[in-house]
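So the chains spell out like this:
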Amino acid sequence: MDVDRLFDAVYPGLVRFGLRMTGDVHIAEEGARKAFVRFLDQRPRGDTAASRAWLYRALARHLEEVDARNRKAPPRRRLPAHLEGSSGKAMDARDRALLSALATLPIRERMVLLLREEGLGYPDVAEVAGVPPSGVGGVGNLLVEARRRFVAASRSPEPGSAPS
Amino acid sequence: MSHQFDILDGLPPDGPPDPPPRDPEAAPGTHPDPGTLQTHLDRALPTSAADDVEAHLQGCPQCRGELAFLEALGRQVRTELEAVGQELLPRSPGDLDRCRWEMRRDQASAGGRGPRRRNAATATGLLVVAAAIAAVIPGSPLRSLFTDAAPSTGTDVTAPPSEPETGGGIAGMTGVAVGFREGRVEVVLEDARPGTGVELVVGTGDRVEVLAPEGTRFRAAAGSVSVELAGGEGGVLIRIPPGPGDVLLRSGLRHLARWSGGAFQFGEGIAADPRSDGVLLLVP
């Protein structure tokens, strides 16, 4: 498999997913790089689609670890940074509000919502997010619930105060 | 099932319509739940379940309304998220090159312990054993690799022209590979014209490879290689294995660059142009 081609095709999506999950482009880029380093180290077998799902799974595990660390950290560090990317450009207020709305979602719901936005199919979303593909608590139910919560939170005057 | 559709108040005119209220007399379990409808919408239900839902939808205006609501909700969320942080994402080839380089740097720093590295370690071990056996033979040129003294005149190596684009070779280039000695390899460029390009690439393998235009003469010994560029046209490509090990590059007496601990350090006044998995230097 041509790793450079895979990198060009998948890396931007990984960073986008990480950014929307965490609100911090630095964490997103670091996680995407770590996922690729693990990929190069382990060289899992499979076609491009399987490799893509593998990379999202590696990134998701990294983000869960970051999330767990942040829960233990002082409150100041629990808030997404929302500052600026390596390009030096800052996010506008609307982007910050939408990322804050996403941050109100439980991590599994956020993951399912954003993985679907990245175009992953139900079996891959289920595997990456660690949820059943169907039924109660499955991908479909979590997706509907996540979208409702996100819309509610993004319309809330004070992001983060949306009903859970 | 109860849903708070009022959260969508104030959506644009093309937002999702409110679904009709459920029939309170309907028996529980009669209607597919929203998750099942969403899965059906995404064409992710098994065929038999999809047929059942489709048959139910034919006769149930409430569920058809809810399906339309879920479709519009998904569209709404997608539209809102579409632009989030786009200006921060790597998009241009230059951005991707920078990211790829940073990833290779992380890989080198991590010094992975995966199967490839274990295989490389095994292969290296076997090579060392084989070389040690060969080195005890009197007169073997390999003996010099196991002494501290470099060969007095160096080992002249003029590699035959490489086959064009075969076996990982590069057309018009020839080269040598040299192993680390005490964790260090020194590459010396002799008679390099100012402006000669030197590309340092962090690649795979466990030896430092130096490739230069055909006709170049190399003098290689354990832990060092001299490249006589006189007469040769074109640049030099140096492939550095990831992981621990110092690689020093100089042109004559001038220090150009050093690879150490997964990072490059450059000599004073040396400009480095980052590439996909390395840097390009111009000999001053």
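For the structure itself, look to the data block above.
Residues numbered from 1 in each chain as written. Chains lettered and ligands numbered in written order. Predicted model: local features only at pLDDT ≥ 70, side-chain atom pairs only at ≥ 80, totals over all residues.

Enquirer: Sorry if this is basic, but what is going on with the overall build of chain A here?
Expert: Regarding its fold elements, chain A presents eight helices and zero strands. Each helix and strand of chain A, placed in order from N terminus to C terminus, yields the pattern α-α-α-α-α-α-α-α. Across the 164 residues that make up chain A, the buried fraction comes to 48%. At a minimum sequence separation of 6, the contacts of chain A that also span at least 24 residues come to 58%. (Helix = DSSP H or I, 4+ residues; strand = E, 2+ residues; numbered from the N terminus. Buried ≥ 20, exposed ≤ 12 C-beta atoms within 10 Å, placed from the backbone. Contact = placed C-beta atoms within 7 Å.)

Enquirer: What's the story with the interface of chain B and chain A in this structure? I'm lost.
Expert: Think of interface size as the accessible area that goes away when the parts come together; that is how it is often given. Across the boundary between the two partners, chain B contributes 38 residues, which contact 39 residues of chain A. Counting residues per element, the ones that place at least two in the side of chain B that touches chain A are helix H1 (34-41), helix H3 (61-82), helix H4 (93-110) and helix H5 (115-135) of chain B. For the side of chain B that touches chain A, the residue count by class is 17 nonpolar, eleven polar and ten charged. (Nonpolar A, V, L, I, M, F, W, Y, C, P; charged D, E, K, R; others polar.)

Enquirer: Would you mind going over unusual backbone geometry with me for this structure?
Expert: Note on backbone geometry: most residues besides glycine have negative phi, and most peptide bonds are trans. The phi torsion at Arg-43 of chain A lies on the positive side, around 45°, for a residue other than glycine. Checked against the element boundaries, Arg-43 of chain A lands in the loop between helix H2 (25-42) and helix H3 (48-72). Residues other than glycine seldom take positive phi values, yet Asp-191 of chain B does so here, at roughly 60°. Of note, Asp-191 of chain B is situated in the loop between strand E3 (184-190) and strand E4 (197-202).

Enquirer: I tried to follow the environment of Asp-246 of chain B on my own but got confused; where do I start?
Expert: Residue and element names in this part refer to chain B. Position of Asp-246 relative to the elements: it lies in strand E9 (residues 246-251). Taking the C-alpha atoms as reference points, Asp-246 and Phe-264, 18 residues apart in sequence, are found 9.8 Å from one another. Asp-246 has contacts with Gly-183, Arg-184, Arg-258, Trp-259 and Ser-260, leaving out every residue within four places of it along the chain.

Enquirer: Sorry if this is basic, but what is going on with the nonpolar core here?
Expert: The nonpolar side chains of soluble globular proteins are, as a tendency, buried together. By size, the foremost hydrophobic cluster in this structure holds 68 residues, and its most contacted members are Leu-14, Leu-55, Tyr-56, Leu-59 and Val-112 of chain A. Ranked by residues supplied to this core, first place goes to H2 of chain A with nine residues. Apart from the residues lying within four places of it in its own chain, the contact partners of Tyr-56 of chain A are Leu-14, Phe-17, Leu-115, Leu-120 and Val-128 of chain A. Counting residues in each nonpolar core, the second largest holds 33 residues, with Val-176, Leu-237, Val-247 and Val-283 of chain B among its members. (Core = buried A, V, L, I, M, F, W, Y, C linked by C-beta atoms within 7 Å.)

Enquirer: What's the story with the pairing of strand E7 (residues 224-228) of chain B in this structure? I'm lost.
Expert: Both faces of the sheet carry side chains from a regular strand, because those side chains alternate between them. Residue and element names in this part refer to chain B. Only one face of E7 is buried: it carries Val-225 and Val-227, and the other face, with Ser-224, Ser-226 and Glu-228, is open. In the sheet, E3 pairs with E7 via five bridges, with the strands oriented parallel. If you follow Glu-190 over to E7, its bridge partner there is Glu-228. In the sheet, strand E6 (residues 217-221) pairs with E7 via five bridges, with the strands oriented antiparallel. Across the sheet, residue Arg-219 finds its bridge partner in E7, namely Ser-226. Between the end of E6 and the start of E7, which pair antiparallel, lie two residues, with Gly-223 showing a positive phi angle near 80°. (Pairing = 2+ DSSP bridges.)

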